[in-house]
Amino acid sequence: MKYLKQFSIILFISLLGEILHSIVPLPMPASIYGLAILFTALSTGIIPLEEVRETGRFLIEVMPLMFIPAAVGLLGAYHTLMPVLVPYAVITLVSTLLVMLVAGRVTQAMTGEEQTNE
């Protein structure tokens with residue numbers, strides 16, 4: 001029963017995100033609204049972490065399974081993607097490295113750690 005309650009809380013927050021998405025005219029997915037609402041509720045203590053902890057961990061553990069349908073869809077579109085595969089791969093590699101670099105620098109700046117060249 002505990003998991004059902006926790007999952008219901010998460011679903012309710014997702015519903016609030018969907019409602020907010022239909023009201024606010026920003027080009028942002030409803031799931032981002034839901035994540036922001038859940039983050040705010042957890043940060044302010046409106047929802048104690050213990051109220052969603054176990055179900056949240058479960059959802060994170062099964063998250064890789066959610067990518068299987070997308071991967072199968074990409075395999076189904078193989079002939080369409082083949083002509084542009086190299087540009088997509090290069091763009092993906094460059095943008096991933098850029099995000100890693102920027103995230104690392106921002107983290108260093110926020111934690112006050114200096115880079116040492118040894």
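Right, let's walk through the structure included here. Quick caveat: nothing in here was measured; it's all calculated off a predicted structure.

### Concerning the overall build of the protein
The helix and strand tally for the protein stands at seven helices and zero strands. Ordered by position from the N terminus, the helices and strands of the protein form the series α-α-α-α-α-α-α. In terms of C-alpha radius of gyration, the protein reaches 20 Å, well past the compact-globule figure of 13 Å for 118 residues. Put simply, the protein has 118 residues, and 12% of those count as buried. Long-range pairs, those at least 24 residues apart, make up 48% of the contacts in the protein with a sequence separation of at least 6. For the protein, the exposed surface amounts to about 9,700 Å²; the carbon and sulfur share of it is 74%. Each charge class in the protein can be summarised by its mean position, and for the 5 positive and 8 negative side chains these summaries are 7 Å apart.

### Some points on the packing of aromatic side chains
For the structure shown, the criterion picks out zero aromatic pairs. Its guanidinium or amino end placed over the ring of Y3, K2 lies 5.4 Å from that ring's centre, counting from NZ or CZ.

### Here's the deal with the side chain of T55
Relative to the assigned elements, T55 resides in helix α3 (residues 53–61). Here T55 falls in the buried class, since its relative accessible area comes to 4%. If near-sequence neighbours (up to four positions away) are discounted, T55 is found in contact with Y3, Q6, F7 and I10.

### Some words on helix α1 (residues 2–23)
Given a rise of 1.5 Å per residue, 22 residues ought to cover 32 Å, and the 32 Å separating the end C-alpha atoms of α1 matches this to within 8%. Every buried residue of α1 is accounted for by Q6, I9, I10, I13 and G17. With its buried residues spanning 90° around the axis, α1 presents them on a single face. For α1, the exposed residues set more than 90 degrees away from the buried face come down to L4, S22 and I23. In this structure, the buried residues of α1 make contact with α2 (30–44) and α3.

### So, the side chain of Q6
For Q6, the position within the fold is in helix α1. Using a relative accessible area of 2% as the deciding quantity, one classes Q6 as buried. What Q6 contacts, discounting residues up to four positions off in sequence, is E50, E51, V52, R53, E54 and T55.

About the criteria used
Residues numbered from 1 in each chain as written. Predicted model: local features only at pLDDT ≥ 70, side-chain atom pairs only at ≥ 80, totals over all residues. Heavy atoms only, no water. Helix = DSSP H or I, 4+ residues; strand = E, 2+ residues; numbered from the N terminus. Rg over C-alpha atoms; globule rule 2.2 N^0.38 Å. Buried < 20%, exposed > 50% of the residue type's maximum accessible area, 1.4 Å probe, protein only. Contact = heavy atoms within 4.5 Å. Areas by Shrake-Rupley, 256 points an atom, 1.4 Å probe, with all protein chains shown as cover. Lys, Arg positive; Asp, Glu negative; His and termini not counted. Charge placed at Lys NZ, Arg CZ, Asp CG, Glu CD. Phe/Tyr/Trp six-rings, centres within 6.5 Å; stacked < 30°, edge-to-face > 60°. Lys NZ or Arg CZ within 6 Å of the ring centre and 35° of its normal. Expected span 1.5 Å × (residues − 1). Arc of directions from axis to C-beta.

Fair warning: the whole summary comes from geometry, so function is off the table for now.
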